[in-house]
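Residues per chain, in single letters:
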There are 2 protein chains.
Amino acid sequence: MLPPAGTEHRAQQMTLLSGMIHDRWTNAEFGHWLAELVEGPLAADPDGDMGANLRRLKREYDKKVKLPKSLVEELAQTAVFAQQAWVEARRQSNFNHFRPWLGKMLALKRQEAESLGYAACPYDALLDRYEPDARTADVAAVLAGLRQQLVPLVQAIRQGGRQPDVSILHRSFPPDVQQAFGRMAAARIGFDFDRGRLDVTAHPFCTGLGPSDCRITTRYDEHFFNEAFFGILHEAGHGIYEQGLLPEQYGLPLGEAVSLGIHESQSRLWENFVGRSLAFWQFFYPDAQRRFGALADVPLGQFHFAVNDVRPSLIRTEADEATYNLHILVRFELEQALLNDELSLDDLPGAWNAKYEEYLGITPPDAAQGVLQDIHWSAGLIGYFPTYALGNLNAAQLFRQADAELGGLDRHFAQGDFQPLRQWLGEKIHRQGQRYSAAELIRRVTGQPLSHAPLVDHLRRKFGPLYYE
Amino acid sequence: MLPPAGTEHRAQQMTLLSGMIHDRWTNAEFGHWLAELVEGPLAADPDGDMGANLRRLKREYDKKVKLPKSLVEELAQTAVFAQQAWVEARRQSNFNHFRPWLGKMLALKRQEAESLGYAACPYDALLDRYEPDARTADVAAVLAGLRQQLVPLVQAIRQGGRQPDVSILHRSFPPDVQQAFGRMAAARIGFDFDRGRLDVTAHPFCTGLGPSDCRITTRYDEHFFNEAFFGILHEAGHGIYEQGLLPEQYGLPLGEAVSLGIHESQSRLWENFVGRSLAFWQFFYPDAQRRFGALADVPLGQFHFAVNDVRPSLIRTEADEATYNLHILVRFELEQALLNDELSLDDLPGAWNAKYEEYLGITPPDAAQGVLQDIHWSAGLIGYFPTYALGNLNAAQLFRQADAELGGLDRHFAQGDFQPLRQWLGEKIHRQGQRYSAAELIRRVTGQPLSHAPLVDHLRRKFGPLYYE
């Protein structure tokens with residue numbers, strides 16, 4: 001939204017603010033207090049809230065003090081200019097316009113990794129910002145297992161010979177009816193409108209403005225049902241997590257989301273595992289048919305098949321539940337190679353296209369639909385992409401556990417009862433804040449380390465009957 | 001937009017921020033520096049920039065240090081709760097729901113006035129926040145002169161027996177065409193889209209995010225032409241002022257708008273004096289007719305008459321150019337009476353209705369359309385309303401002067417040339433920042449103190465031929 005001539009001032013502001021925030025975090029007196037408190041009696045109880053908060057704050061402090069203020073400021077400044085260059089490069093579909101800024105950003109992110117230090121590889125240091133305590137090798141192993149199963153699964157789906165009639169989702173769906181229906185569904189699954197709002201933006205998001213003020217947004221396409229509805233379920237999933245954090249821990253680690261991979265698990269769980277299930281629509285579909293004339297002649301089964309359309313495509317944000325993870329793999333592998341200097345910027349667009357051909361069987365026709373499609377790298381968000389796939393994996397493993405503990409969620413969903421699942425997630429995930437790392441949280445709640453198996457099982461059980469069994 | 005349960009936290013945040021900002025402003029070392037600098041050689045040149053900046057900063061510092069921090073914080077906190085109470089009161093059309101909060105706010109504003117001190121009356125101290133150096137008695141005198149002429153003028157308009165056909169403005173105007181047309185017009189009059197944007201919000205505004213990042217917003221009603229188009233001209237007028245401030249003085253008094261009354265003069269001038277003139281439409285109307293099928297059969301004269309519809313109405317924000325000032329008079333008189341304890345809150349709704357009957361000849365049917373229609377008092381903005389009328393008065397006086405100096409603006413407008421006026425305003429008003437007070441600026445630019453005469457002349461010259469001559 002930034003007007004072209006506003007870049008310079010925005011960069012100055014972001015530089016100033018990032019430096020001020022860095023100064024606050026790395027204040028020496030704050031560091032002394034933390035060091036003393038974390039060794040003292042307040043933190044002695046290993047299960048106590050105070051100790052958990054102090055240990056997480058100390059961990060963050062120890063990271064921040066390793067970063068030179070000048071690097072923090074330069075990263076903030078570069079992100080503003082690089083994002084503007086990316087906007088223009090994408091408009092022109094011209095990678096070379098963005099290339100120098102990506103090169104500068106990579107150099108700064110390498111410095112950041114070196115300053116922070118890492119166990120095995122520089123990517124570890126960057127990944128840790130979004131997925132604290134995660135190791136690149138562990139994430140790579142889980143994603144490699146997923147890829148091994150997913151590529152043939154998507155092939156099986158494509159070769160099964162069955163395809164839904166997606167044209168029914170492109171009929172006329174009046175935006176005001178979509179809004180009322182989406183709002184009703186969000187409230188039904190547990191988003192609290194007394195403590196939040198649903199509004200319209202060009203790029204949907206969820207943001208918490210305080211313990212009782214969570215904003216979610218969507219956009220309405222009159223001629224595509226999925227855009228707003230599943231977008232609302234997705235953002236409401238993020239919002240239910242935010243609304244489930246303990247208000248009395250607001251501003252402290254125990255009152256904050258543990259990682260982006262867990263946050264994304266909450267949005268994906270409600271969007272896909274709940275919102276694209278047959279049981280969900282057994283409850284909601286009669287109401288949808290009453291509201292939308294366009295669905296009057298569409299049987300439930302046909303509708304459910306259509307919202308579960310699987311189709312390799314070029315754009316990550318529009319990808320379906322099965323192929324989405326392949327988009328992430330492309331980015332995860334490429335950004336590691338870039339960071340480690342195993343891939344040059346000259347070769348990046350070609351490497352991007354080759355991976356799309358290998359994993360998804362399609363080749364981007366231009367840079368705008370290829371290597372330039374995401375804003376992340378321009379904003380310095382390197383190490384961020386795998387958290388999207390971790391979100392899907394976490395969601396599958398949590399959903400399987402909840403299903404087992406609550407005795408068949410489909411039965412609840414078909415009756416419009418989403419409270420048992422929401423409460424289970426609230427207790428097991430939301431109220432924990434940052435008490436445990438994401439990996440530890442998943443292990444504690446599900447009894448298993450994170451694995452690709454629950455997600456692959458879920459996809460096979462859903463898509464097998466629809467497409468190839 | 002605040003969700004109901006978010007009020008408490010918002011109030012805490014605003015209290016904290018207002019206190020922090022107050023601490024920054026009233027920092028004793030800053031005060032010592034200012035005191036020393038303002039007496040020193042840097043400020044010696046009475047026409048120098050540095051001296052002007054220092055004197056304005058010192059003036060502001062001297063005001064701020066008179067306010068107890070606890071009062072600043074309580075005002076910020078009360079404004080949040082009072083606004084939420086006002087929202088609910090208006091929804092219920094129940095003044096009693098808002099009354100205790102208005103009482104509390106008035107008590108705090110009286111304390112604020114006493115802390116700041118004043119020359120003649122407490123209202124002076126409050127008015128000064130929005131219109132620095134203005135005196136209540138002077139404003140009251142100009143507005144009394146205006147009222148004396150305006151009430152019979154509006155009666156003459158109403159009794160002339162002629163009325164435009166406003167139904168032509170309520171035909172179908174596709175929002176995307178409105179947007180393109182409004183954007184083109186804003187650019188043509190001088191709003192720089194390289195340094196600004198036009199977006200959509202429920203409540204239109206203009207805000208400067210930096211020296212080259214000015215945001216204006218509007219809203220589109222498919223069945224009412226005026227809403228978006230004149231709204232865009234209005235906000236573009238504010239925006240052209242913001243964009244005309246000296247970037248090298250950004251953040252200093254010489255790089256900031258002088259007063260709300262001058263700011264509003266810039267929006268009103270482009271909206272009404274330019275945008276509702278016949279010459280303006282001589283240039284734009286053929287294009288409007290090409291874009292909007294709804295106007296194809298409407299002659300220019302009929303269109304121009306319709307956008308100059310004068311009609312006493314209940315709601316200030318929807319009022320026309322002539323009656324708008326009467327809405328302001330009601331509020332200006334009532335808020336003085338409330339502050340001086342000459343009017344009780346018990347009697348406020350009745351007094352409001354009586355003044356509407358007296359000045360506009362209509363009586364509000366309920367509190368929502370009467371005393372509860374504006375957010376201002378709930379936000380503590382007492383002393384703010386007269387700046388709207390001052391804006392109209394300033395606009396008239398500046399427009400008359402520009403017209404004389406530039407040799408007939410209509411001739412320029414009819415050719416689509418708005419640069420002479422924009423440049424004149426840029427030089428005389430925008431680039432001056434806070435070098436002079438608003439009253440002094442008007443006197444210097446027009447050679448006269450502010451008077452009601454130019455506005456009354458303008459209204460008579462425009463509305464006489466249309467309505468009663």
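Asks: Before we move on, can you summarise the overall build of chain A with the specific residues and values?
Replies: Of regular secondary structure, chain A possesses 19 helices and three strands. Over its C-alpha trace chain A gives a radius of gyration of 23 Å, about what one expects of a compact globule, namely 23 Å for 469 residues. Among the 469 residues that make up chain A, the fraction classed as buried is 41%. Considering only contacts in chain A between residues 6 or more positions apart, those separated by 24 or more positions represent 70%.

Asks: Lay out the pairing of strand β3 (residues 214-218) of chain A with the relevant residues and their values.
Replies: Residue and element names in this part refer to chain A. Of all five residues making up β3, four are buried, and the element is well covered by its neighbours. As defined by bridge partners, strand β1 (residues 196-200) adjoins β3 across five bridges and the pair is classed as parallel. Bridged to Leu 198 within β3 is Ile 216. Pairing geometry for strand β2 (residues 206-208) and β3, over three bridges, is antiparallel. Residue pairing in the sheet places Thr 207 in a bridge with Arg 215 of β3. Where β2 folds back on β3, the antiparallel hairpin that results is connected by five residues, among which Gly 210 adopts a positive phi of roughly 160°.

Asks: Account for the sheet that holds β3(A), naming residues and giving values.
Replies: All names here are of chain A. Read from one edge of the open sheet, three strands run β1-β3-β2, paired in mixed fashion. A single partner strand is all that each edge strand has here, and the edge strands are β1 and β2. Each strand of the sheet is rotated relative to its neighbour by a mean of 20°, with strand direction disregarded. Each of β1, β2 and β3 is contacted by helix α9 (residues 225-244), which is oriented at about 170° to β3, the strand it contacts most.

Asks: Describe in detail unusual backbone geometry, supporting the description with residues and values.
Replies: At Asp341(A), a position not held by glycine, the phi torsion is positive, near 60°. For Asp341(A), the location among the structural elements is in the loop between α13 (324-339) and α14 (348-360). Here the phi dihedral of Asp133(B) falls at roughly 75°; this positive angle occurs in a residue that is not glycine. Its place among the elements puts Asp133(B) in the loop between α6 (122-130) and α7 (136-159).

Asks: Go over the sheet that holds strand β2 (residues 206-208) of chain B, please, and point to the residues and values.
Replies: All names here are of chain B. The mixed open sheet is built from three strands, whose spatial order is β1-β3-β2. Sheet topology places β1 (196-200) and β2 at the edges, where each strand pairs with a single neighbour. Within this sheet the neighbouring strands show an average axis-to-axis angle of 20°, counted without direction. Contacting β1, β2 and β3 (214-218), helix α9 (residues 225-244) runs over the sheet at an angle of about 170° to β3.

Asks: Can you explain helix α4 (residues 69-92) of chain A? Please cite residues and give values.
Replies: Taking 1.5 Å per residue, 24 residues should reach 34 Å; α4(A) reaches 35 Å between its end C-alpha atoms and fits that length. Ser93(A) lies just past α4(A) and shows a positive phi near 50°.

Asks: Which residues make up the nonpolar core, and what are the values?
Replies: Formed by 109 residues in total, the largest nonpolar core has its most connected members in Phe98(A), Ile189(A), Ile232(A), Ala236(A) and Ala322(A). Residue assignment places this core across two domains, with domain 1 (4-119) and domain 2 (131-469) of chain A each supplying three or more. With residues up to four places along the chain from it excluded, the contact list for Ile232(A) reads Gly182(A), Ala185(A), Ala186(A), Leu198(A) and Thr218(A). Within the second largest apolar cluster, 108 residues are counted, among which are Val139(B), Val258(B), Tyr388(B) and Leu398(B).

Asks: If you had to explain the relation of the copies chain B and chain A to someone new, which residues and values would you point to?
Replies: Superposing chain B onto chain A takes a rotation of 180° plus a shift of 0.0 Å along the axis, which leaves an RMSD of 0.0 Å. What we have between these two chains is a two-fold relation. A high fraction, 100%, of the interface residues of chain B reappear at the interface in chain A, so the copies pair face to face through one surface.

Asks: Tell me about the interface of chain B and chain A, and please be specific about residues and values.
Replies: On the chain A side, the residues contacting the 17 residues of chain B number 17 residues. Considered class by class, the residues forming the side of chain B that touches chain A number seven nonpolar, five polar and five charged.

Asks: Residue-level account of the domain arrangement of chain A, with values.
Replies: Residues and elements named next belong to chain A. If you check the domain split of chain A, you get domain 1 (4-119) and domain 2 (131-469). Look at where the C-alpha atoms of domain 1 and domain 2 centre, and you get two points 27 Å apart. At the interface, 25 residues of domain 1 touch 21 residues of domain 2. Among the elements of the structure, α3 (49-64), α4 and α5 (95-116) are those that each provide at least two residues to the side of domain 1 that touches domain 2. A per-element tally of the side of domain 1 that touches domain 2 places α5 first, with 10 residues. Here the side of domain 1 that touches domain 2 is built from residues that sort into 14 nonpolar, five polar and six charged.

Asks: Lay out the packing of helix α13 (residues 324-339) of chain B against helix α15 (residues 386-405) of chain B in plain terms, naming residues and giving numbers.
Replies: For any two helices packed against each other, one specifies the inter-axial angle together with the distance between the axes. Residues and elements named next belong to chain B. Interaxial distance between α13 and α15 falls to 8 Å at its minimum, and their mutual angle equals 145°. In this structure, α13 meets α15 at a crossing whose hand is left-handed. On α15, the residues touching Tyr 324, Asn 325, Ile 328 and Phe 332 of α13 are Pro 386, Tyr 388, Ala 389 and Asn 392. The residue inventory of the contact of α13 with α15, partitioned by class, reads six nonpolar, two polar and no charged.

Asks: Residue-level account of the environment of Gly103(A), with values.
Replies: All names here are of chain A. Tracing the backbone through its elements, the reader meets Gly 103 in helix α5. Among the residues examined, Gly 103 registers 14 C-beta atoms within 10 Å and is labelled partly exposed. Each C-alpha atom of the pair Gly 103 and Leu 345 lies 7.3 Å from the other, and the pair is 242 residues apart in sequence.

Asks: Residues and numbers for the environment of Lys104(B), please.
Replies: All names here are of chain B. Mapped onto the elements, Lys 104 comes out in helix α5 (residues 95-116). For Lys 104, a count of 15 C-beta atoms within 10 Å gives the class partly exposed. As a C-alpha pair, Lys 104 and Ala 82 span 22 residues in sequence and 8.8 Å in three-dimensional space.

Asks: Explain the environment of Tyr285(A) to me, and be specific about the residues and the numbers.
Replies: All names here are of chain A. Mapped onto the secondary structure, Tyr 285 falls in helix α11 (residues 278-291). For Tyr 285, a count of 18 C-beta atoms within 10 Å corresponds to the partly exposed category. Taking C-alpha positions, Tyr 285 is 9.1 Å from Leu 295, a pair spaced 10 residues apart along the chain. Leaving out residues up to four positions away in the same chain, Tyr 285 has contacts with Leu 300 and Phe 303.

Cut-offs applied
- Residues numbered from 1 in each chain as written.
- Chains lettered and ligands numbered in written order.
- Predicted model: local features only at pLDDT ≥ 70, side-chain atom pairs only at ≥ 80, totals over all residues.
- Helix = DSSP H or I, 4+ residues; strand = E, 2+ residues; numbered from the N terminus.
- Rg over C-alpha atoms; globule rule 2.2 N^0.38 Å.
- Buried ≥ 20, exposed ≤ 12 C-beta atoms within 10 Å, placed from the backbone.
- Contact = placed C-beta atoms within 7 Å.
- Pairing = 2+ DSSP bridges.
- Axes fitted to C-alpha atoms, helices over the stretch in contact; angles between N-to-C directions.
- Expected span 1.5 Å × (residues − 1).
- Core = buried A, V, L, I, M, F, W, Y, C linked by C-beta atoms within 7 Å.
- Domains from an automatic or database assignment.
- Least-squares fit on C-alpha atoms with pLDDT ≥ 70 in both.
- Nonpolar A, V, L, I, M, F, W, Y, C, P; charged D, E, K, R; others polar.
- Left-handed = near helix turned anticlockwise from the far one by under 90°.

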